[in-house]
There are 2 protein chains.
Amino acid sequence: MTLLEKAKRGEITAEMQYVAEKEGVTPEFICEGVAKGEIVILHSSRENIHPVAVGKGLFTKVSASVGMYEADDTIDGEMAKIDAAVKAHADTLMDLSVRGPIEEMREKVLSTVDRPVGTLPMYETLSAAEAKYGTALDMTPDDLFDMIEKQASQGVAFIALHPGTTLSVIHRAKDEGRIDPLVSYGGSHLIGWMLYNNTENPLYTEFDRLIEICKKHDVVLSFADGMRPGCIADSLDHAQVEELVILGGLVRRAREAGVQVMVKGPGHVPLDEIAATVQLEKKLCYGAPYFVFGCLPTDAAAGYDHITSAIGGAVAAYAGADFLCYVTPAEHIGMPNVDDVYQGVMASRIAAHAGDVAKGHPQAVKWDLDMSVARRAMNWKEQFKLSIDPETAERVWRERSTSFTSECTMCGKYCAMKIVEKYLRAE
Amino acid sequence: MTLLEKAKRGEITAEMQYVAEKEGVTPEFICEGVAKGEIVILHSSRENIHPVAVGKGLFTKVSASVGMYEADDTIDGEMAKIDAAVKAHADTLMDLSVRGPIEEMREKVLSTVDRPVGTLPMYETLSAAEAKYGTALDMTPDDLFDMIEKQASQGVAFIALHPGTTLSVIHRAKDEGRIDPLVSYGGSHLIGWMLYNNTENPLYTEFDRLIEICKKHDVVLSFADGMRPGCIADSLDHAQVEELVILGGLVRRAREAGVQVMVKGPGHVPLDEIAATVQLEKKLCYGAPYFVFGCLPTDAAAGYDHITSAIGGAVAAYAGADFLCYVTPAEHIGMPNVDDVYQGVMASRIAAHAGDVAKGHPQAVKWDLDMSVARRAMNWKEQFKLSIDPETAERVWRERSTSFTSECTMCGKYCAMKIVEKYLRAE
């Protein structure tokens, strides 16, 4: 039985108990959320990997993606990025390698890290088809489903796929005259394959086959959006919304079959459309956890898109998004280096936390309150400890406070600050 | 006659024409906004300083503050920060020096920069009182008003003062049991002085005298908030709101006398209270431009408060805030260095722009659209040009793209991406 099937029966599993303790909620709360599909538990058959829950009423989570992309990318190079993401406290990782020894890389990640790992199986399928047929365009549906099964069986916790990117949706995007038609890399390859082979999306037509694999290995489906808008101007257009409508139906089918599912979202969304974007997903996808990419509320801040995404991510989290896919300062310009990964995770964590505070998450609110008390007490040690990144907070303090020995003597014998403090503390 | 008096008569001045061109609106729009008090024009008697308009229907503006604070701070050191703020395109500057050769520093800034400069006259008043009496607590109201006049006559564009921080408000803060009672540095000194001398706030009791000075030199009043909350937990508390109620009455008195006025706001505000905070100011202060400090939607991100403030600033701008006071990565930990100033301005500019896009500002929307078109065309040169910080965007690209020579050959003779592009472009 899958976790979802057990949850539907009200059976509390070890995974539910583990995540309940981490979240500060009851196992029953988790079990009910999983049963309804409003919470998913990302977990693995690997013993070194601890489960993470994503969804309603829980801390907003952050995922970091790495992967071999350029010809000279190496497993060691990507593992250094994984280390940076873990050091920055990313909740989950995604290995999105598109070339090189992809299976070896995945095995390395899965055997090394202590948190759930997601993949996008289309990438390795394309790479393998190129080796097998000389061109990725000759990939067969069997190749794709076999790869999904292989990855699921290896202990991948969640797999990203584009079952809603159907021919009708692609036609809609054409009619639409989008500014930036397609920015989903996996989605674009899938669409190219569909057009070249003049065929419907096999992930859609053979959805039951996909569900069977996910059920067998109890892996969480992460519905990716081939129509993810690539710029503010294309946000919430007909193609994006039609794909979401289709995904909503597939969410129900997956759930009914006992497979946990979450939905991936944009991307480029202006601030005034973020709440609607989140509400629409929650409505059309029956409350499935929403995994947003950013969101990015402007297109114009290349080099600073970790900040852009922190703005949109916080607003999305406050609006109900459950899971933030990080964005690094290198987004739109190049592949992130190790420091970019660290900065990207940290910016997303700030966004997640700001969203949690706004939603009134009791532990998030308490964290800020504890910091404020430490600030009033001028307790620097405690302030560093309570900072989202204690090491950086203390480093900035040390670098900037070299001259902090100079005391204020403005008021002579009496001190305005002490007078105020005495007044405020008096009974 | 002041600018406001001229605006009330429908007289278009050179300043109105200048800012109208910069904003892409008509001089009449500016004139009407100034007359209503919904727009203020920051301007100076110095010919090297060009006016900047702040308010409804205009681009959201960003201000950067510098100033000698530590015993070893120097004019040259602060001027280097001013240069960084100007390079990052801060719209205005504030010199908040509290010690050292303050007048010399201000003269240097006013004679050097090309944009409006604001000050907080209380600081130099306290410093001068210390020199004169041995303690800043013996400062007299005359000392304060004389200093305000001196600074206004020098060509300062806007002066920050705390006329709403009355004894009743201070008592309210005491009753309130705030977590972090006072974080406004100038406000705290004023309150300490009021308590020590057992007297009401002279900026409140002699408000007409203040207005006369501002009218004479046509300087914009920036109402500072002594009750600015110092943490999320204190946001929108009784003391903060009572002060805003009082400031609202003073806004009307200043305007009736022909003096332009804007209102400074928080500070620490959770995301779910930002819109209400902005609406309250707009309502209570008769639509006066709102100059927010951040806002910071979490207390827990020391070392990253430029990002925190970008989140809150964007949401505030979208909700109607007109002017963002930057926050640097050193906030709450130490005094910012030159790079902190640059990063702080850039983060606030991203926030301001994201807010403008959400509000549908036509030029802001066009900027993002132009970037998206350049992105689709893979026109890197144009993308850098359109980036909020072209130099950084190009540097990140150069550093990260060393291996971009490796071409994708995944699909052999045909390319999935080209197939998609061909399909989408077909008639």
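Residue positions are given per chain, counted from 1 along the sequence in the order it is written. Whichever chain is written first is A, and whichever ligand is written first is 1; the rest continue in order. Given that the model is predicted, a residue must reach a pLDDT of at least 70 before its local features are reported, and side-chain atom pairs must reach 80 or more before they are shown or counted; all residues, however, enter totals for whole chains, interfaces and linings. Values reported for side chains reflect all heavy atoms of the structure, with hydrogen atoms and water molecules removed beforehand.

- Chain A has the name Phosphomethylpyrimidine synthase in an unreviewed UniProt entry, where Eubacterium limosum is given as its organism.
- Taken directly from UniProt, the Cofactor (unreviewed entry) text for chain A runs: "[4Fe-4S] cluster". UniProt positions are given in the numbering used here, feature names are shortened, and annotations may be inferred rather than shown by experiment.

Some details on the sheet that holds strand β5 (residues 117-119) of chain B
Residue and element names in this part refer to chain B.
Part 1 of the reasoning: What the eight strands build is a closed barrel, ordered β3-β4-β5-β6-β7-β8-β9-β10; its pairing is parallel. Here the average twist between neighbouring strands, direction ignored, is 25 degrees.
Part 2 of the reasoning: When DSSP finds two or more bridges between a pair of strands, those strands are recorded as paired. Here a strand is any run of E in DSSP of at least two residues, a helix any run of H or I of at least four, and the numbering for each starts at the N terminus. Looking at chain direction, strand β7 (residues 220-223) and strand β8 (residues 261-265) are connected through three bridges and run parallel. Paired with S222 across the two strands is M262, which belongs to β8.
Part 3 of the reasoning: In the packing of helix α11 (residues 207-217) onto the sheet, contacts are made with β6 (158-161) and β7, and the angle to β7 comes to roughly 140 degrees. Inter-axis angles, ranging from 0 to 180 degrees, are taken between N-to-C directions of lines fitted to C-alpha atoms, where helices are fitted over the stretch in contact. By definition in these notes, contact holds between two residues if any of their heavy atoms fall within 4.5 Å.

Some thoughts on the interface of chain A and chain B
Part 1 of the reasoning: Across the contact, 107 residues belong to chain A and 108 residues belong to chain B.
Part 2 of the reasoning: It is Y304, M410 and Y423 of chain A in chain A that bury the most area against chain B; as a group they hold 10% of the surface buried on that side.
Part 3 of the reasoning: Any Lys or Arg side-chain nitrogen located within 4 Å of an Asp or Glu carboxyl oxygen qualifies as a salt bridge. The tally of links from chain A across to chain B stands at two salt bridges.
Part 4 of the reasoning: As used in this structure description, the phrase polar contact means that two N or O atoms lie within 3.5 Å; if the pair is within protein, one of them must be able to donate a hydrogen and the other to accept it, and residues adjacent in sequence are counted only when both atoms belong to side chains. Here chain A and chain B share 30 residue pairs in polar contact (both at pLDDT 80 or more) between them. As used here, buried area is the combined drop in accessible area, with a 1.4 Å probe, of two parts when they are placed together.

Re helix α14 (residues 305-319) of chain B
All names here are of chain B.
Part 1 of the reasoning: Along its 15 residues, α14 runs 20 Å from first to last C-alpha, staying within 8% of the 21 Å computed at 1.5 Å per residue.
Part 2 of the reasoning: Under the scheme applied here, a residue whose accessible area is under 20% of the maximum for its type counts as buried, over 50% as exposed, and between as partly exposed, the area being computed with a 1.4 Å probe on protein chains only. In terms of residue burial, α14 counts as a mostly covered element, since 13 of its 15 residues are buried.
Part 3 of the reasoning: Immediately beyond the C-terminal end of α14, within one or two residues, lies G320, with a positive phi of roughly 125 degrees. What a helix is expected to span follows from its residue count: subtract one and scale by 1.5 Å.

What to know about the pairing of strand β2 (residues 52-55) of chain B
Residues and elements named next belong to chain B.
Part 1 of the reasoning: Of the two faces of β2, the one holding V52 and V54 and the one holding A53 and G55 are both buried throughout.
Part 2 of the reasoning: Relative to β2, strand β1 (residues 39-42) is paired through four bridges, and the arrangement is antiparallel. If you follow I41 over to β2, its bridge partner there is A53.

Overview of the side chain of S97 of chain B
Residues and elements named next belong to chain B.
Part 1 of the reasoning: Among the secondary structure elements, S97 is positioned in the loop between β4 (92-95) and α5 (102-112).
Part 2 of the reasoning: Only 2.9 Å separates the side chain of S97 from the backbone nitrogen of M68, close enough to count as a polar contact.
Part 3 of the reasoning: Within the local environment of S97, its side chain forms a polar contact with the side chain of D95, the two groups lying 2.7 Å apart.
Part 4 of the reasoning: Beyond its immediate chain neighbours, meaning those up to four positions away, S97 contacts V66, G67, M68, I102, M105 and Y123.

Observations concerning the sheet that holds strand β8 (residues 261-265) of chain A
All names here are of chain A.
Part 1 of the reasoning: If you walk around this closed barrel you meet the eight strands as β3-β4-β5-β6-β7-β8-β9-β10, and the pairing is parallel. For this sheet, the mean angle separating the axes of adjacent strands, direction not counted, is 25 degrees.
Part 2 of the reasoning: Relative to strand β3 (residues 61-66), helix α4 (residues 75-87) is tilted by about 165 degrees, and along the sheet it contacts β3 and β4 (92-95).

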